[in-house]
Amino acid sequence: MAPSYPTESLAAEPRHIESPCAQSRETRPDHAAAQQAALEALHRYFGYDSFRTGQAGLVDAILAGRDVLGVMPTGAGKSICYQIPATLLPGLTIVISPLISLMRDQVDALNDLGIPAAYINTTQGMDEQGMVLAQAARGDVKLLYVAPERLETERMRSFAARVRISLITVDEAHCVSQWGQDFRSSYLGIGEFIAALPSRPTVAAFTATATQRVRHDIVALLNLQHPQVTVTGFDRPNLFFDILRKPTNAKNVWIANYVIDHADESGIVYCATRKETEALAGLLAERGVSAVAYHGGMSAQNRNDAQRAFVTDAAPVVVATNAFGMGIDKSNVRYVIHHNMPESIEAYYQEAGRAGRDGEPGRCTLLWNDSDIVTRRRLLDMDSQNDRMSEDEREVVRLSKRRLLDAMIGYCRTTECLHAYMTRYFADPTSGAIADAVTATGKTGLRAVDVANNAAGTAADESGVMKSGLRDSDPVKQSVAGASATPAKPRGCGNCANCLSTFATIDVTDIARSISRCVHDLNQNFGMGKIVAVLRGSKTQDLLARHLDACPSYGALDQVPQARVRDVLNQMTTDGFLTVSEGRLPVVHFGPRAAVTAGSDFHYEIKRIERPAAVGGRTGQLRSGHTLGSDASMDTEVDEPLFERLRVLRRDIAREIGKPPYIVFSDKTLRDMTRIRPMTNAQFLAVNGVGENKLNLYGKRFMEAIRSFNA
Ligand code: ADP
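This write-up is about the structure you can find in this document. Because the structure is a prediction, the values reported are computed rather than measured.

**Observations concerning the pattern of salt bridges**
Okay, so step 1: If you walk through the whole model with that rule in mind, you get 22 salt bridges.
Okay, so step 2: The shortest N-O distance in the salt bridge between Glu 360 and Arg 671 comes to 2.8 Å. With Glu 360 in the loop between α13 (345-352) and β13 (362-368) and Arg 671 in helix α26 (residues 667-676), the pair connects residues that are 311 residues apart, well separated along the chain.
Okay, so step 3: In this structure Arg 671 comes out as buried when scored by relative accessible area, which is 7%.
Okay, so step 4: One salt-bridge network, in which partners are shared between bridges, spans Arg 334, Asp 358, Arg 650 and Asp 667.

Spelled out as C-alpha cells, the structure:
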C-alpha cells in the first residue's frame, strides 16, 4: 500500500540548500566558534583539512540543533556529517544502521580514530549489552550504533528515557520508504521511538537514494522538523564507467581475465542469481584467485565469513548477489563488475558506487546483452504479483518498475557521456558534464547504442540498417564509414567508456522526427504502443475505430522494424526529448528537449560502442590527466614499490590488531604517504587521512618503513 506524503513541499525540493538560517547565523560568534570547532575536530580525528561539498552545511545545521536530511552518493562522506557533531555535542549520538554485520567495522574505525564508540546488537549476550549501555549512560561513549529492531526493546526504551541524547542519526534512511529498494518495516518504528523520548534530540537522516518520492517519505515518516535538506552533486568523478555488450557465454571468461589481471586489487562482482555467483567464484578459484561467493541462500555464518574475508583483504574478490554490500565501508574497492544488467539506475549506481570510496580511481564495468533485458522483464512481471495489492495497484507498480528498467536499458545503449547520463538521471543541476557532453557531440547530436540489429555485439550491421528503410542519401552508411575511419576524440568527462570510445553510427534522425511528429499529431494523448502502431500503419480494429489512420504520420515508418521504432522512442525518453506519464495508462508527452527535434539541424544517431580505446592496466592508471575532487591531491605519480611496502606493513598491523587493513589507513592515505615520505611527526600529520590518534598508533612504524625504503 502506498504511504501518504506530506502536503507541503520539501523546503522547495532543494539541491544543495544552505538554509536561510545558516546564513543569518553566519555572523554570530557562537556559530563561528562551532564552525571552527568542527574544522578542528575534522583535522584532529580524521586528518582532513577541509569539508567536502555539503558536509560543512550539514554539520553546521546539526550543531545548531536543526534536523537535516543529507542526500549524497555513496563515498561522498555522509558519516563525517554526523560523526563530527557527535564528538562536539554534549550528549550521546545514537546511530541507527541497518546492518549489524557492519557495526563492528564502523565502531572499530571510530575507536581507531580516537572517538569512543560502541554498538548494541544481537551478536552480544545480555551481559555485554548491559555493559555497553552502562558505559554509554556514563558518557564514556559518544556514538552508539543500533539496528532499528533494537529500538523496540524495553531495555533500549528505558535506557533512552534516562540518558541525555543529543542526536539521532538514521543511516540508509531510504529503508523507511516502501518506494526505496531496501524497505525495512522496522524503520517505521523510528519516528515513534523518537516521539517517546522525554526531550526531542536533533534528528539527522542520510541516504544515497535520490528520488523525490523517497525523500518525501523520509521527511514524513521520520517526522523531521523543518529539516535542512542538502542534496549534493551525484557525479563520482573518480569512477570510470564502462559498458560492455557480451554474449552470455563470454561474460565469465572476460571477468576471470579482468580479475587475474588485477590480482592486487580488491573488487566486487555482482551476479543476478545465486547459481551464477557460485559458478563464477568456482571458476575464479580454479584459476587461482581467492574469491568468495556471497548470497542470501548461504547460512548467516557463511555469509559473515565471506564478508570478513573480503573486508580484511584475505579474499580480494567477492562474487555476490545484490544481497551484498549495503553499508559496506571498505574504502579500497577498486572495481565493481556487473555480470548482468541491474533492475534500475538507482540499484546500479548504489552497487557500482562501492568502488573508489576513498576517492582514488575505481572502475565500474557493466556487462550486458539482450537476454538480460528479457530476464529482467520477466522477473519484474513476477515481482509485481503481490497478493496484498489490488489489480490496479499492481499495474501501477509494474509500470513504474518498467520505467526504472527502461532507464537502465537506456544507460546500456547510450553513447552519451555516462557520467552525464547518471547525473541527468538524478536531475543533478550541479553537473557540468551534461552540458559538456551535449556540446561535445556538437552537430552530430546525441547518440544511442544500436541494439535492435546488433545481436552479436561486434561490428555495425549495415545491411540490417539498410533493410530498415532509411532513405535517400543513406546517412547510415556515411556515418558508419565516417566513424570507423576516424576514432572519436576524447570528449565529455574523459573518464567513461563512451567518452573514450570509437563508434560506428546509424542515423535515426528521420525516425526520431517522425516519432515527434506523431506525438504531436496524437495531441500527446497516447502511450508508446499506439504511437508505434500508428507510425507503422497498423490496421488493428482499435486503431481504425479511433480513426487514428487519419493521422498525418500514420504509416510514416511502415518500413522500419517495430523494435527499431521502439528503441528510438525509448532512447528519446531517456535523452529528455519525450517523457512518459505515471499511472495505469502511461502517456507519452513532449520532454524538456522536445523543441530540438523540430530544428533543421536536428541530428540523432544510434551508435554502437566498440571497445573503449584507453582502458587496461591497473585501475589507478585509468585516470591519466583526470582531476578528482578537491581533496584528491594525488595526481602526481605514486611510487609503486614503496606503496606495496606500505601495504604489506598495513596488512601486518591489521592482522596484529585483528581489524581490516583499510581501518588502519586507506589506499589514498598510503598513496599520499608515498608522495610526502614523512620523516617527522609534523610531516606525518600532513598526510591526508592522518589524525592525531593514527599518528600515535602507527606513525613510528610507517616512518621507519619509509626510512628503510629510502635507504
Ligand atoms: P558514504 O557514507 O557517503 O558512502 P563515507 O562516510 O564512508 O561515505 O566516506 C567515504 C570516504 O571518504 C571515507 O574514507 C572518508 O574518510 C572519506 N572522507 C569523508 N569526508 C572527507 C573529507 N572531508 N576529506 C577527505 N576525505 C573524506
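Read on for the rest.
**Observations concerning the nonpolar core**
Okay, so step 1: Ranked by internal contacts, the top residues of the largest apolar core, which has 81 residues, are Leu 144, Ile 218, Leu 222, Phe 241, Tyr 348 and Tyr 411.
Okay, so step 2: Per-element accounting of this core gives the leading share, six residues, to helix α15 (residues 391-413).
Okay, so step 3: The residue makeup of this core includes at least three contributed by each of domain 1 (9-231) and domain 2 (239-413).
Okay, so step 4: Aside from chain neighbours lying at most four places away, what touches Leu 144 is Leu 92, Thr 93, Ile 94, Val 95, Ala 118, Tyr 119, Ile 120, Val 132, Leu 133, Met 156 and Phe 159.
Okay, so step 5: Within the second largest apolar cluster, 33 residues are counted, among which are Ala 38, Leu 42, Met 103 and Phe 206.

**Considerations on the sheet that holds strand β10 (residues 291-294)**
Within a sheet, adjacent strands bond to each other through the backbone by hydrogen bonds, running parallel or antiparallel.
Okay, so step 1: Read from one edge to the other, the open sheet built from six strands follows the order β8-β13-β12-β9-β11-β10, with strand pairing classed as parallel. In this open sheet, the two edge strands, each paired with only one partner strand, are β8 (239-245) and β10. Strand-to-strand, the axes of this sheet are offset by a mean angle of 15°, without reference to chain direction.
Okay, so step 2: When strand β9 (residues 266-270) meets strand β12 (residues 333-338), the two strands line up parallel, connected through five bridges. Bridge pairing in β12 links Ile 268 to Val 336.
Okay, so step 3: Taken strand by strand, α13 contacts β8, β9, β12 and β13, and its axis lies near 150° from that of β12.
Okay, so step 4: Docked against the sheet, α15 engages β8 and β13, running at close to 105° with respect to β13.

**Some thoughts on the site of the ligand**
Okay, so step 1: Taken together, 15 residues surround the ligand, and among them Tyr 48, Gly 75, Lys 78, Ser 79 and Arg 357 come closest.
Okay, so step 2: Here a nitrogen atom of the ligand and a side-chain polar atom of Gln 55 are 2.9 Å apart.
Okay, so step 3: One nitrogen or oxygen atom from the main chain of Ala 76 is found 3.4 Å from an oxygen atom belonging to the ligand.
Okay, so step 4: Computed on the free molecule, the ligand has an accessible area of 570 Å², of which 88% lies beneath the protein chains in the complex.

**Examining the side chain of Asn 340**
Okay, so step 1: Relative to the helices and strands, Asn 340 is located in the loop between β12 and α13.
Okay, so step 2: Excluding residues that lie within four positions of it along the chain, Asn 340 makes contacts with Lys 251, Tyr 270, Cys 271, Ala 272, Glu 276, Leu 366, Leu 367 and Asp 372.

**Re the pairing of strand β1 (residues 68-71)**
Looking down a regular strand, the side chains alternate between one sheet face and the other.
Okay, so step 1: The two faces of β1 match: Val 68 and Gly 70 on one face and Leu 69 and Val 71 on the other face are all buried.
Okay, so step 2: Summarising the sheet, β1 and strand β7 (residues 228-231) pair through four bridges and their orientation is parallel. Of the residues in β7, the one forming a bridge with Gly 70 is Thr 230.

**Remarks on the sheet that holds β1**
Okay, so step 1: Read across the open sheet, the seven strands follow the order β3-β4-β2-β5-β6-β1-β7; overall the sheet is parallel. Pairing within the sheet leaves two strands with one partner each, and these edge strands are β3 (117-120) and β7. If you compare each strand with its neighbour and ignore which way they point, the axes differ by 15° on average.
Okay, so step 2: When strand β5 (residues 165-170) meets strand β6 (residues 202-207), the two strands line up parallel, connected through four bridges. Counted as the bridge partner of Leu 167 is Thr 202 from β6.
Okay, so step 3: On the sheet, helix α3 (residues 55-63) packs against β1, β5, β6 and β7 and is oriented at approximately 165° with respect to β1.
Okay, so step 4: Across the sheet, helix α4 (residues 78-88) touches β2 (92-96), β4 (143-146), β5 and β6, and the angle it forms with β4 is around 135°.

**A closer look at α13**
Okay, so step 1: Counting buried positions along α13 gives eight out of eight residues, so the element sits mostly inside the fold.
Okay, so step 2: All of the buried residues in α13 are Ile 345, Glu 346, Ala 347, Tyr 348, Tyr 349, Gln 350, Glu 351 and Ala 352.
Okay, so step 3: Contacts from the buried residues of α13 go to β8, β9, β12, β13, α15 and α16 (418-425).

**Thoughts on the environment of Gly 77**
Okay, so step 1: Tracing the chain through its elements places Gly 77 in the loop between β1 and α4.
Okay, so step 2: You can call Gly 77 buried: its relative accessible area is 19%.
Okay, so step 3: As for Gly 77 and Gly 54, which are separated by 23 residues in sequence, their C-alpha atoms are 9.2 Å apart.

**Examining the packing of helix α10 (residues 248-261) against helix α11 (residues 274-286)**
Okay, so step 1: Between α10 and α11, the least distance of the axes is 10 Å, while the angle of their chain directions is 45°. With respect to each other, α10 and α11 are oriented oblique. Considering how the two elements wind past one another, α10 and α11 form a crossing that is right-handed. Residues Asn 252, Ile 255, Ala 256 and Val 259 of α10 pack against Leu 280, Leu 283 and Leu 284 of α11.
Okay, so step 2: Considered class by class, the residues forming the contact of α10 with α11 number six nonpolar, one polar and no charged.

**Regarding the environment of Pro 116**
Okay, so step 1: In this fold, Pro 116 is placed in the loop between α5 (100-112) and β3.
Okay, so step 2: Sequence separation between Pro 116 and Lys 142 is 26 residues; the distance between their C-alpha atoms is 5.6 Å.
Okay, so step 3: Apart from the residues within four sequence positions on either side, Pro 116 is in contact with Asn 111, Asp 140, Val 141, Lys 142 and Leu 143.

Calculation criteria
- Residues numbered from 1 in each chain as written.
- Predicted model: local features only at pLDDT ≥ 70, side-chain atom pairs only at ≥ 80, totals over all residues.
- Heavy atoms only, no water.
- Salt bridge = Lys/Arg side-chain N within 4 Å of Asp/Glu carboxyl O.
- Helix = DSSP H or I, 4+ residues; strand = E, 2+ residues; numbered from the N terminus.
- Buried < 20%, exposed > 50% of the residue type's maximum accessible area, 1.4 Å probe, protein only.
- Core = buried A, V, L, I, M, F, W, Y, C linked by side-chain atoms within 4.5 Å.
- Domains from an automatic or database assignment.
- Contact = heavy atoms within 4.5 Å.
- Pairing = 2+ DSSP bridges.
- Axes fitted to C-alpha atoms, helices over the stretch in contact; angles between N-to-C directions.
- Near = heavy atom within 4 Å.
- Polar contact = N/O pair within 3.5 Å; in protein donor to acceptor, adjacent residues only side chain to side chain.
- Areas by Shrake-Rupley, 256 points an atom, 1.4 Å probe, with all protein chains shown as cover.
- Parallel < 35°, antiparallel > 145°, perpendicular 65-115°, else oblique.
- Left-handed = near helix turned anticlockwise from the far one by under 90°.
- Nonpolar A, V, L, I, M, F, W, Y, C, P; charged D, E, K, R; others polar.

Honestly, it's all geometry; don't read function into it.
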